[in-house]
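# Descriptive structure summary
One-letter residues, chain by chain:
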2 protein chains.
Amino acid sequence: MSIGDLGGIGFEIALSAHEEAKKVACPLYCVSPEMARRAAALLGRSLPSDFECVGQEAAFEIQPGCVSAQAGAASYASFTQALELSVEGRADAVVTLPIHKAAWAAAGVKYKGHTDYLRDRFRTEAIMVLGKPGFYVALFTDHIPLRKVCDRIQAGSLEAFLLQLARSVEAGPIGVLGLNPHAGDGGVLGDEERSIEAAIAAANHALGAARFEGPLIPDAAFLPRVRSRYPFLVAMYHDQGLAPLKALYFEEAINVTLGLPIVRTSVDHGTAFDIAYRGQNPSIRSYLNALGATKALLA
Amino acid sequence: MSIGDLGGIGFEIALSAHEEAKKVACPLYCVSPEMARRAAALLGRSLPSDFECVGQEAAFEIQPGCVSAQAGAASYASFTQALELSVEGRADAVVTLPIHKAAWAAAGVKYKGHTDYLRDRFRTEAIMVLGKPGFYVALFTDHIPLRKVCDRIQAGSLEAFLLQLARSVEAGPIGVLGLNPHAGDGGVLGDEERSIEAAIAAANHALGAARFEGPLIPDAAFLPRVRSRYPFLVAMYHDQGLAPLKALYFEEAINVTLGLPIVRTSVDHGTAFDIAYRGQNPSIRSYLNALGATKALLA
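Residues numbered from 1 in each chain as written. Chains lettered and ligands numbered in written order. Predicted model: local features only at pLDDT ≥ 70, side-chain atom pairs only at ≥ 80, totals over all residues. Heavy atoms only, no water.

## What about unusual backbone geometry?
Residues and elements named next belong to chain A. In the segment running from G214 into P215, the intervening peptide bond is cis, with an omega of 0 degrees. For P215, the location among the structural elements is in strand β5 (residues 212–216). Of note, the phi angle at R123 is positive, near 50 degrees, even though the residue is not glycine. Inspection of the secondary structure puts R123 in the loop between α6 (114–122) and β2 (127–132). (Helix = DSSP H or I, 4+ residues; strand = E, 2+ residues; numbered from the N terminus.)

Here's what the structure looks like:
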């Protein structure tokens, strides 16, 4: 377990879900025993005797709900340790709790977030997928400014993305969203849909099957009748996929990274600084779903 | 009632909802008696004797589920007639059924859609609002290519928009969404949020009250705890607001245009060419909600 930013809700979720987590895994927490004790004390709780802490970061004062360089450095250390335990075979998989990107930046970490780091560590175009059992959304672009999205919609790179996705995902039609309002409305509202059409046609040709369909109208792709046709969607950018997904399934949703040599799943929520260490009992559903999905991916 | 594109589901909805509609209004349908008869015949149904048709468009052959210049010209004529009846006081309000933008373009109509036309007809920055009673989303930009959105995020024009909105919407906090993933994550993922912050501060200063809050993280703004705090949101672009809204409330949602000298509401769905005239009984909920909201706005 990559414990996430200690100023956020991650530690509280791990602690609250510990008994449930033990039913499907033998959790190893990448946080030092001292910092786990401090975080538990801030929550007014004690650590279970079998809460196994393997982290080695230096102790610091936790600032609940604040961006802090120390917390950023610690969450980065936790994440990289969890990955290496998995690479070395000392852990079966990595489940990540939320980091805060500004804390990583404050700590001088050169990666924007988990997915960036994974791409560099494993030299592969890791694909970020979010969803819940039976409905997933893959992001063609993810943590980049919206301004940079349009120029990234190129037929060649999208085709390569679709082909990599097809190798990682079980059979079934995959819906590919357009970029513009109304998928461009026949070109009246933008023309990147031509590139998306070309990528779909090329990917289907290479696969010898009409696996991909689209471009779908983005604001209608999450309606019940579309979701039931496409248990898997490809979104062109972060909020296009995640805003409707979270609106529908927030506390259930999880994050899976495809295309890596290790299994990595994650909760699909942030650090929630506004409710951290305030006795608000953050939901543990996404975390437990991530553990369940991890088990399914390892099966 | 602006009858919408006769190749789509609008006429069927108006016909199916006629008895319910009479309970809250005296519906006047802006479609010619001959075209109403033809559409009803295609549906295998007859027209009620009190289905009052006031349109004057020339008759043409309806092509179910197809973009057609004739249908585009007819839906444009229906819309403009409905507006003028309202301006002249011969109708209390306009409720619009869906047009198809490509059909308007095929017919040589120089407007992209309803909202464009309204802005020109009434020489005002009409504000497009979608939602359902108790939760509405206003769009700062609407029917433009995504590529053009980022440059439109300017503090001055957003401030003017917020001030116009504040004049049209009852008391209560209004949440303003950021533009980038994670609202820019402190600048790491884009910096348009600085302009949004400046616009919020300037609008609140001009109002002498902290009416607007944000920038909110876009993909978290539709979660239950955020929705309950902000019954009214401002989205920076079309799909940012509409994709989550439709995912949550599709068949209930309606469209209201603020800032006009007349009352105009609309269904929040398209022509649904894929199910038009196919015995699929399209939902009449959005249409009846629009009628209900119209009555509330006139009260």
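## Section: the confidence of the model for chain A
Confidence along chain A averages 94 in pLDDT terms, with 99% of residues attaining 70 or more. Scored by ipTM, the complex comes to 0.80, with pTM at 0.81. (pLDDT = per-residue confidence, 0-100.)

## Quick notes on the pattern of salt bridges
If you walk through the whole model with that rule in mind, you get 35 salt bridges over all chains. For the salt bridge of E192 of chain B with R147 of chain A, the shortest nitrogen-to-oxygen distance reads 3.0 Å. Remark: R147 of chain A occurs in the loop between β3 (135–139) and α7 (149–152) and E192 of chain B occurs in helix α9 (residues 192–207); the pair is interchain, linking two chains. Judged by its relative accessible area of 5%, E192 of chain B falls in the buried class. Assessed through its relative accessible area of 42%, R147 of chain A is described here as partly exposed. Among the salt bridges present, the one from E213 of chain A reaches R229 of chain A, with a minimum N-O distance of 2.9 Å. Of this pair, E213 of chain A sits in strand β5 while R229 of chain A sits in helix α10 (residues 224–229), and the two are 16 residues apart along the sequence. We classify R229 of chain A as partly exposed; its relative accessible area is 46%. (Salt bridge = Lys/Arg side-chain N within 4 Å of Asp/Glu carboxyl O. Buried < 20%, exposed > 50% of the residue type's maximum accessible area, 1.4 Å probe, protein only.)

## With respect to the relation of the copies chain B and chain A
Two chain copies here: they are related by a rotation about an axis and a translation along the same axis. With an RMSD of 0.1 Å, the fit of chain B onto chain A corresponds to turning through 179 degrees and sliding 0.1 Å along the axis. When the rotation and shift are considered jointly, the pair of chain copies conforms to a two-fold rotation axis. Among all residues of chain B, the minimum C-alpha distance to the rotation axis is found for P244 of chain B, at 2.0 Å. (Least-squares fit on C-alpha atoms with pLDDT ≥ 70 in both.)

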